[in-house]
Amino acid sequence: MNAALAERQAPDEFGPTVYHATESDAGLALEVGDFNLWYGQAQALYDINLKVHKGLVTALIGPSGCGKSTLLRCLNRMNDLIDTLKVSGRIKVGDDDIYARGVDVIALRKRMGMVFQKPNPFAMSIFDNVVYPMRVDGVTDRATLEQTCERALRGAALWNEAKDRLKESALGLSGGQQQRLCIARAIAADPEILLMDEPCSALDPIATARIEELIDDLKGTYTIIIVTHNMQQAARVSDNTAFMYLGRLIEYGDTATVFQVPKASRTEDYVTGRFG
């Protein structure tokens, strides 16, 4: 998707982003300001401005190649692994500019849990999967690890299904269970923000419903940013929605307004199925 996006240049006729008022008493978890990204000479993100409120679910939607996963991976600097990457602007998590000089990227990523499109459990036991982030941090106390495992599995709505199987391989779980396990691993280190990149795209409808219920349970405790190609899912699970097109943020605000009374013509065309 990155290569396809980088090959295209956004046209000049885009107007300013349309913003709708969003309400939250908890303040901002994350703020993106005038953010641009290039792969070599090809620009992929254009002047992104986005405020994400604490404890809410924010959905990034748009057609394939629009830049939503690229933006998500900028939030924990996963795109740093690309040699030709260049960025400008700022992304702040709390009061910290994550692209400032001297930022500890490893510490930053501990503040953000990441869940990918396909479940990616490690080839080890369920218990060892969940406590892996703790062991990386040097935690060896068994009681602490056991408490963390139970807390995370309960948080991921997997404890009752896994509590008698903790020593078994995580690869023996179903696809939906594996994805909930990955969510448990992501929240084991108690991050501030959960980033989810199409977490249901590889799951059946029943497993998808369980993940959506889980997202609803986790919001408030965590700030959640989810990339989804499924507009119905975005409408069901998110408080706020950002519509992206050709690397630009077209419209952003509370989900009901974006879906029911969008102000930008491109947003209306997308949510009504005229393209995408």
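One structure accompanies this document, and this report is about it. (Residues numbered from 1 in each chain as written. Predicted model: local features only at pLDDT ≥ 70, side-chain atom pairs only at ≥ 80, totals over all residues. Heavy atoms only, no water.)

## What about the environment of Tyr-46?
Selection criterion: Each helix is a run of H or I in the DSSP string that is no shorter than four residues. Each strand is a run of E no shorter than two, and both are numbered from the N terminus. Throughout this description, buried means an accessible area under 20% of the type-specific maximum (1.4 Å probe, protein chains only), exposed means over 50%, and partly exposed covers the range between.
Inspection of the secondary structure puts Tyr-46 in strand β3 (residues 42-53). Its relative accessible area of 8% is what places Tyr-46 among the buried residues. Put simply, Tyr-46 and Gly-247 are 201 residues apart on the chain and 5.8 Å apart in space, counted from C-alpha to C-alpha.

## Details of the sheet that holds strand β6 (residues 96-97)
Formally: One requirement defines pairing of two strands: DSSP has to find at least two bridges between them.
Pairing is antiparallel in the open sheet, where four strands are placed in the order β3-β2-β5-β6. Here the strands that pair on one side only, and so sit at the sheet edges, are β3 and β6.

## Thoughts on helix α8 (residues 205-218)
Rules: In this scheme, a helix's expected span is set at 1.5 Å multiplied by one less than its residue total. Throughout, the arc means the angular range of directions from the helix axis out to the C-beta atoms.
Given a rise of 1.5 Å per residue, 14 residues ought to cover 20 Å, and the 20 Å separating the end C-alpha atoms of α8 matches this to within 8%. Taken residue by residue, α8 has Ala-207, Thr-208, Ile-211, Glu-212, Leu-214, Ile-215 and Leu-218 as its buried positions. The buried side chains of α8 occupy one side of the element, clustering within an arc of 160° when seen end-on. Exposed positions of α8 whose direction lies more than 90 degrees from the buried face are Pro-205, Ile-206 and Asp-217. Count one or two residues on from α8 and you reach Gly-220, which has phi positive near 100°.

## Side note on the environment of Pro-199
Tracing the chain through its elements places Pro-199 in the loop between β8 (193-197) and α8. With relative accessibility at 0%, the residue Pro-199 sits in the buried group. Residues Pro-199 and Arg-210 lie eleven residues apart in sequence; the distance between their C-alpha atoms is 11 Å.

## Brief notes about the packing of helix α7 (residues 175-187) against α8
The condition that has to hold: Lines fitted to C-alpha atoms define the axes, with helix axes restricted to the stretch in contact, and inter-axis angles between N-to-C directions lie between 0 and 180 degrees. Roughly parallel means an angle under 35 degrees; roughly antiparallel, over 145; roughly perpendicular, 65 to 115; everything else is oblique. What makes a crossing left-handed is the near helix being turned counterclockwise from the far one by less than a right angle; a clockwise turn instead makes it right-handed. Any two residues having at least one pair of non-hydrogen atoms within 4.5 Å are treated as being in contact. Just so you know the grouping, Ala, Val, Leu, Ile, Met, Phe, Trp, Tyr, Cys and Pro go in nonpolar, Asp, Glu, Lys and Arg go in charged, and all remaining residues, Gly too, go in polar.
Look at α7 against α8: their axes get within 9 Å of each other, and the N-to-C directions meet at 20°. Classed by the angle they form, the pair α7 and α8 counts as roughly parallel. Handedness of the α7/α8 crossing: right-handed. Judged by residue contacts, Gly-176, Gln-179, Arg-180, Ile-183 and Ile-187 of α7 engage Ala-207, Arg-210, Ile-211, Leu-214 and Leu-218 from α8. Split into classes, the residues belonging to the contact of α7 with α8 amount to six nonpolar, two polar and two charged.

## Observations regarding the environment of Ala-100
The residue Ala-100 is located in the loop between β6 and α3 (105-110) in this model. Overall, Ala-100 belongs to the partly exposed group, its relative accessible area being 31%. Distance from Ala-100 to Pro-191, taken between C-alpha atoms, is 21 Å for residues 91 residues apart in sequence.

## Comments concerning the pattern of salt bridges
Note the threshold: Salt bridges are identified by distance alone: a Lys or Arg side-chain nitrogen within 4 Å of an Asp or Glu carboxyl oxygen.
By the definition in use, this model includes 14 salt bridges. Between Arg-77 and Asp-80 there is a salt bridge, and its shortest N-O distance comes to 2.7 Å. By relative accessible area, which is 14% here, Arg-77 ends up buried. When its relative accessible area of 29% is taken as the criterion, Asp-80 is described as partly exposed. Put simply, Glu-150 and Arg-154 hold a salt bridge, and the shortest N to O gap is 2.9 Å. In this pair, Glu-150 and Arg-154 are both assigned in helix α5 (residues 142-155), four residues apart and thus about one turn of the helix distant. A relative accessible area of 29% means that Glu-150 is categorised as partly exposed. A single salt-bridge network, built from bridges that share partners, covers Asp-96, Arg-111 and Glu-192.

Fair warning: the whole summary comes from geometry, so function is off the table for now.
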